[in-house]
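# Commentary on secondary and tertiary structure
Residues per chain are reported as follows:
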Amino acid sequence: MKGRWNFRFVFLLVLLTGLAVREVAVERGPSFLRPGLHLYAYVANTADGTISVVDVVNLSAMATIPVGPAPSGVRAHPSRDEIWGVSTQGGYVWVLDTKKNLVTSRIPVGAAPYAVDFSPDGSHAYVAASGSGSVVVIDTSTRQVIQRGRGGRQPWLARVTPNGQLLVVSNREDDTVTILDAGSLALIATIPVVSQPEQIAILPDSSKAFISSGSSQEISVINLRGGVRVADLALGGAAGSFILKPDGGELYIPSPDAHGLLVVNTETNEVGDFLLLGSSPQRGVLTSDGRSLYVSDSSAGQVKHIDIATRRVMGPPIPVGQRPGACALTPDAGLLLVTDQDSNDLAVIRTRTPNSANLAGSLITLIPVGRRPGDLAIKLF
């Protein structure tokens, strides 16, 4: 009888140990991650000219890769195991092989590029070079520039429409947006918009584009099918960033000047809601189901979780590092990553789980990266 009880005790101990190990694994790593898959974050260190590669599962920096002066516009390629970005001071696009942690290409595009965008199928990359007034198309398989066109004066960003047909370019110096054919870069329309246009948000059906101003507290709305401006919307504060709801129904605009979040109804072209957030809400990220928005406050050193349906801030602010900026969610939305520009680290936040009493989320750790981390991308491969 005693032996039987000893066996039961050992069996129970092994079972509890196994469950504990599983729970720790679930807490540390994303539940969707299978053996052989990797989940890395890529942080552009603008003062170092490097990319920090962070293992999101083990929560550690694993590599620092030189890419060139003032890296920005970091994007994960939609189908290839690559991270793309630009060197603003170097005037080129760089391509990082995520399996080798090696820069495999540097593609000259012209002076002062700020961002890169991909066609829906990932076969082409689009870049505006603000210092040379040019727009280029790159074949992502051959890494060759296959088209060169002209924007207006100081083209800031080039964004391709979701249907892959048009390229929308904001021209900061002449207060216009140019619409180009995405294949040939032929000019379709030039549209006057708000002063010093910068950011671009395009609806999923490719019908409208929303354009921010770098010098005024308003945005322009463009009808892409007709090639005309249909409205200018007063915000009451400068736009920090654009965050579009997945279904395109609402555009969320954190505004440091207004100390809150502006909500634009994209169907009626109206500012329909405002939520007071704090000191300087600047950037954010929305979950793929459109239910939760996380916004970084650069002055307060905090992140706030907003429930979209109720327009409520959930729980207390989540403290991070100094001057938080870019935000990104892991594919399962279980972890939120935030770059802290003044403390030179990457904040890792566990978002709310079904059994958690913390509605906002909680900081897990701060991972040191390079100097003045800016843009951020996550890649699963």
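### Details of the overall build of the protein chain
Check the secondary structure of the protein chain and you find one helix and 33 strands. Across the 381 residues that make up the protein chain, the buried fraction comes to 54%. Long-range contacts, defined here as pairs at least 24 residues apart, represent 41% of the contacts in the protein chain between residues at least 6 apart. Carbon and sulfur atoms make up 51% of the accessible area of the protein chain, which totals about 16400 Å².

### Let's talk about the side chain of S87
Mapping S87 onto the fold places it in strand β5 (residues 82-87). A distance of 3.0 Å separates a polar side-chain atom of S87 from the backbone nitrogen of G90. Setting aside chain neighbours within four positions, we find S87 in contact with G68, P69, A70, P71, Y92, W94 and P113.

### Structural notes on the sheet that holds strand β18 (residues 218-223)
The sheet built from four strands is open, its strands ordered β16-β17-β18-β19 with antiparallel pairing. Edge strands, defined here as strands with exactly one partner in the open sheet, are β16 (197-202) and β19 (228-234). Looking at each pair of strands side by side, their axes are set apart by 25 degrees on average, direction ignored. The sheet contact formed by β16 and strand β17 (residues 208-213) spans four bridges and is antiparallel. Bridge pairing in β17 links A201 to F210.

### Thoughts on the environment of A44
Turning to its location among the elements, A44 is positioned in strand β1 (residues 39-45). With a relative accessible area of 0%, A44 lands in the buried category. Placed 326 residues apart in sequence, A44 and G370 show a C-alpha to C-alpha distance of 8.1 Å. With residues up to four places along the chain from it excluded, the contact list for A44 reads T50, I51, P71, V74, R372, P373, G374 and D375.

### A look at the confidence of the model for the protein chain
Residues with a pLDDT of 70 or more make up 89% of the protein chain, whose mean pLDDT is 91. Note that pLDDT drops below 50 for residues 13-28; the model gives that stretch seven contacts with residues more than four away or on any other chain.

### Observations regarding the pattern of salt bridges
Tallying each qualifying case throughout the model produces 13 salt bridges. A salt bridge links D81 to K99, with the shortest nitrogen-to-oxygen separation between them at 3.4 Å. Here D81 is found in the loop between β4 (71-76) and β5, whereas its partner K99 is found in the loop between β6 (92-97) and β7 (102-108), with 18 residues between them in sequence. For D375, the salt bridge goes to R283, with nearest N and O atoms at 3.5 Å. A residue pair is termed long-range when its members are at least 10 positions apart, and D375 in strand β33 (residues 373-380) and R283 in strand β24 (residues 281-286) qualify at 92 residues.

### Re the sheet that holds strand β15 (residues 187-192)
Two strands in a sheet stick together by hydrogen bonds in their backbones, pointing the same way (parallel) or opposite ways (antiparallel). An order of β12-β13-β14-β15 is seen for the four strands of this open sheet, with the pairing classed as antiparallel. Whereas interior strands pair on both sides, the edge strands pair on one side only; in this sheet they are β12 (155-160) and β15. Across the sheet, the mean angle from the axis of one strand to that of its neighbour is 20 degrees, orientation sign disregarded. Where β12 meets strand β13 (residues 166-171), five bridges bridge the pair, whose relative direction is antiparallel. Bridge assignment links R159 to a residue of β13, and that residue is V168.

### Quick look at the environment of A377
Among the structural elements, A377 can be located in strand β33. Look at A377 and you get buried, because its relative accessible area is 7%. Linking A377 and A326, residues 51 residues apart in sequence, is a C-alpha distance of 9.3 Å. For A377, the residues in contact, after removing those within four places along its chain, are Y40, A41, Y42, V74, R75, A76 and I83.

### Considering the pairing of strand β23 (residues 270-276)
Taken together, the six bridges between strand β22 (residues 260-265) and β23 define a ladder with antiparallel strand orientation. What sits directly across from G260, in β23, is L276. Connecting β22 to the antiparallel partner β23 that follows it, the hairpin turn spans four residues, and N269 within it adopts a positive phi of roughly 60 degrees.

### Quick notes on the environment of P373
In this fold, P373 is placed in strand β33. Excluding anything up to four places from it in sequence, P373 contacts V43, A44, N45, T339, D340, Q341, N344 and D345.

### Some points on the pairing of β15
Two strands pair when backbone bridges link them, and strand β14 (residues 176-181) and β15 are joined in this way by five bridges, in the antiparallel orientation. Residue pairing across strands places L180 opposite L187, the latter belonging to β15. The turn joining β14 and β15, which pair antiparallel and follow one another in sequence, is formed by five residues; a positive phi near 65 degrees is taken by L185.

### Points about unusual backbone geometry
Positive phi, normally seen in glycine, also occurs at R143, with a value near 60 degrees. Structurally, the position occupied by R143 is in the loop between β10 (134-139) and β11 (144-150). The backbone phi angle of H259 is positive, close to 60 degrees, even though this residue is not glycine. Along the chain, H259 turns up in the loop between β21 (250-255) and β22.

Calculation rules
Residues numbered from 1 in each chain as written. Predicted model: local features only at pLDDT ≥ 70, side-chain atom pairs only at ≥ 80, totals over all residues. Heavy atoms only, no water. Helix = DSSP H or I, 4+ residues; strand = E, 2+ residues; numbered from the N terminus. Buried < 20%, exposed > 50% of the residue type's maximum accessible area, 1.4 Å probe, protein only. Contact = heavy atoms within 4.5 Å. Areas by Shrake-Rupley, 256 points an atom, 1.4 Å probe, with all protein chains shown as cover. Polar contact = N/O pair within 3.5 Å; in protein donor to acceptor, adjacent residues only side chain to side chain. Pairing = 2+ DSSP bridges. Axes fitted to C-alpha atoms, helices over the stretch in contact; angles between N-to-C directions. pLDDT = per-residue confidence, 0-100. Salt bridge = Lys/Arg side-chain N within 4 Å of Asp/Glu carboxyl O.

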